[in-house]
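Listed below, chain by chain, are the residues.
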Amino acid sequence: MTASLINFATAKRIGFVSTRFHGTDGVTLEAKKWAHVLGSLGHQCFWMAGLLDTPPECSHEVPLAYFNHPRVAALQEKLFGVQTRTRATTDEIHAIKNELKDALGEFITRFRIEVLIPQNILAIPMHVPLGLAFTEVLAETGLPAIAHHHDFAWERERFVVSAVNDYLRAAFPGAQPGVEHVVINSMAQKEMARRCSRSAAIIPNVLDFETPAPGLDDYNRDLRAEIGLAEEDWLILQPTRVVARKGIEHAIELVRRLEDPRAKLVISHPAGDEGNAYIQMLRERITDAKIDVRFIADRVGETRGRTTEGKKIYTLFDVYPHADLVTYPSHYEGFGNAFLEAIYFRKPILVNTYAVYARDLGPLGFKCVEMSQLVTNQTVAQTRQLLTDRALRDDWAATNLQLGLKYFSYSVARRKLAARLANLFGEGI
């Protein structure tokens with residue numbers, strides 16, 4: 001019997017659950033990749049969240065499941081940064097939890113769900129009632145689950161002081177049987193074992209390395225001109241949000257020390273939700289450095305289109321083909337999607353050796369300009385060499401692409417997800 005027939009015969013109806021599946025946040029992107037991979041194995045995928053951009057025919061939108069719902073946001077304000085909670089707060093947690101349990105029951109019944117995939121809602125307590133609701137539904141239905149954990153409470157300073165340690169112990173990640181736990185890096189795997197006495201498999205973030213990256217076409221060919229760059233300029237791309245942990249000040253320092261008028265730093269994403277202090281500091285650094293930096297977030301969107309002024313909107317995948325170098329000087333990342341994207345587009349990378357890179361990515365043999373919190377003379381010299389030596393760039397790109405295909409392709413996720421399902425249902429899955 002062929003693999004496709006086996007998959008068809010054992011196809012499962014799989015329900016993804018989170019606070020949102022909308023936009024380009026990391027959880028949404030990875031969940032949709034998992035759904036693509038599971039679909040290729042013959043399974044059917046369905047979606048429940050507070051905010052959705054998934055197909056309506058397979059979606060169950062529950063506004064109260066969104067972490068920014070007014071009731072949820074007001075409640076969450078009372079749960080962290082303090083050590084006790086009032087009886088009224090406890091009652092509100094359970095009131096929202098019970099409403100969400102009803103919604104989860106409707107989702108499971110409506111789509112005849114056979115296995116659930118909670119996406120990060122049993123890891124980071126952005127929505128405490130949702131994590132509790134999901135845990136109780138597992139306990140009451142006995143449904144199997146593959147819990148995908150992207151980042152945990154202990155990885156975020158804002159969750160250190162808590163009035164809900166009892167609930168964190170119960171549901172984040174909890175101890176229900178019939179749950180396959182999945183993390184995205186080895187550090188999370190070790191910490192989960194140490195803190196929670198729970199084993200977890202590692203399924204790293206992935207990209208479709210089997211499919212060649214898109215390149216220049218009639219739509220995106222004019223991007224350089226549209227953002228005011230000449231063909232001979234070095235487009236040095238910072239493909240991240242403007243938040244402090246991205247270390248963008250290092251990219252500014254690198255461009256300053258290159259001392260070449262061709263070097264132009266292009267920042268593709270807007271500021272995050274962490275206030276204006278960081279972007280103000282960057283603007284001051286840019287002024288002092290006297291370098292050319294382009295903030296193009298108003299021209300980059302999830303899909304191609306037009307601004308209200310009629311200007312083209314490009315996707316991030318329209319920007320990558322134009323890049324001469326990608327900077328990724330983050331202080332902390334749960335994994336590193338922009339790192340994989342740069343490899344996919346065969347672009348040279350400057351990377352700060354953040355902990356997950358140092359432990360899980362660097363040892364695989366990727367060829368990058370590596371820095372450790374400082375832009376040194378060696379960093380600048382290596383970068384200049386890459387920008388001026390096409391043969392070296394091509395050699396590094398070819399090596400990196402093969403490593404990406406080997407370790408972070410859809411085939412890797414397909415194999416590892418099939419193993420998780422086999423653990424839950426048997427080897428025929």
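Residues numbered from 1 in each chain as written. Predicted model: local features only at pLDDT ≥ 70, side-chain atom pairs only at ≥ 80, totals over all residues. Heavy atoms only, no water.

Asker: What should I look at first to understand unusual backbone geometry in this one?
Answerer: A negative phi angle is the norm for most residues apart from glycine, just as the trans form is the norm for most peptide bonds. That bond from F172 to P173 is cis: its omega, 15 degrees, falls within 30 degrees of zero. Secondary-structure assignment places P173 in the loop between α6 (165-171) and β8 (179-183). (Helix = DSSP H or I, 4+ residues; strand = E, 2+ residues; numbered from the N terminus.)

Asker: I'm lost on the sheet that holds strand β15 (residues 325-328) in this one. Help?
Answerer: Whenever strands of a sheet pair, they do so through backbone hydrogen bonds, lying parallel or antiparallel. Strands sit in the order β12-β11-β10-β15-β16-β17 across an open sheet of six strands; the sheet is parallel. One side of each edge strand has no neighbouring strand; the edge strands of this open sheet are β12 (292-295) and β17 (369-371). In this sheet, neighbouring strand axes are inclined to one another by 20 degrees on average, regardless of whether the strands run parallel or antiparallel. Pairing of strand β11 (residues 263-267) with β12, which is carried by four bridges, proceeds in the parallel orientation. Paired with L265 across the two strands is V293, which belongs to β12. Sitting on the sheet, helix α14 (residues 377-388) touches β10 (234-238), β15, β16 (349-352) and β17, and the angle it makes with β17 is about 160 degrees. (Pairing = 2+ DSSP bridges. Axes fitted to C-alpha atoms, helices over the stretch in contact; angles between N-to-C directions. Contact = heavy atoms within 4.5 Å.)

Asker: Got a minute to help me understand the packing of aromatic side chains in this structure?
Answerer: Centre distance and the angle of the planes are the two values used to describe a pair of aromatic rings. For the structure on display, the rule yields 21 aromatic pairs. Ring geometry for F317 and Y344: centres 6.2 Å apart, planes at 45 degrees, overall tilted. Remark: Y344 occurs in helix α12 (residues 337-344) and F317 occurs in helix α11 (residues 316-319); sequence separation between them is 27 residues. For Y344, a relative accessible area of 8% translates into the label buried. Summarising the aromatic geometry, the rings of F335 and F408 are spaced 5.5 Å apart at their centres and angled 70 degrees between planes, so their arrangement reads as edge-to-face. Taken together, the residues span a long stretch of sequence, with F335 in the loop between β15 and α12 and F408 in the loop between α15 (390-407) and α16 (410-425) at a distance of 73 residues. Classification of F335 by relative accessible area gives buried; the value is 3%. One aromatic cluster is present, built from ring pairs that chain together Y328, F335, F339, Y354, Y357, F366, Y407 and F408. Sitting above the plane of the F295 ring, R283 keeps its charged end 4.5 Å from the centroid. In this structure, K312 is placed above the aromatic ring of Y219, and the distance from its NZ or CZ to the ring centre is 4.6 Å. (Phe/Tyr/Trp six-rings, centres within 6.5 Å; stacked < 30°, edge-to-face > 60°. Buried < 20%, exposed > 50% of the residue type's maximum accessible area, 1.4 Å probe, protein only. Lys NZ or Arg CZ within 6 Å of the ring centre and 35° of its normal.)

Remember, this is a structural readout, not a statement about activity or role.
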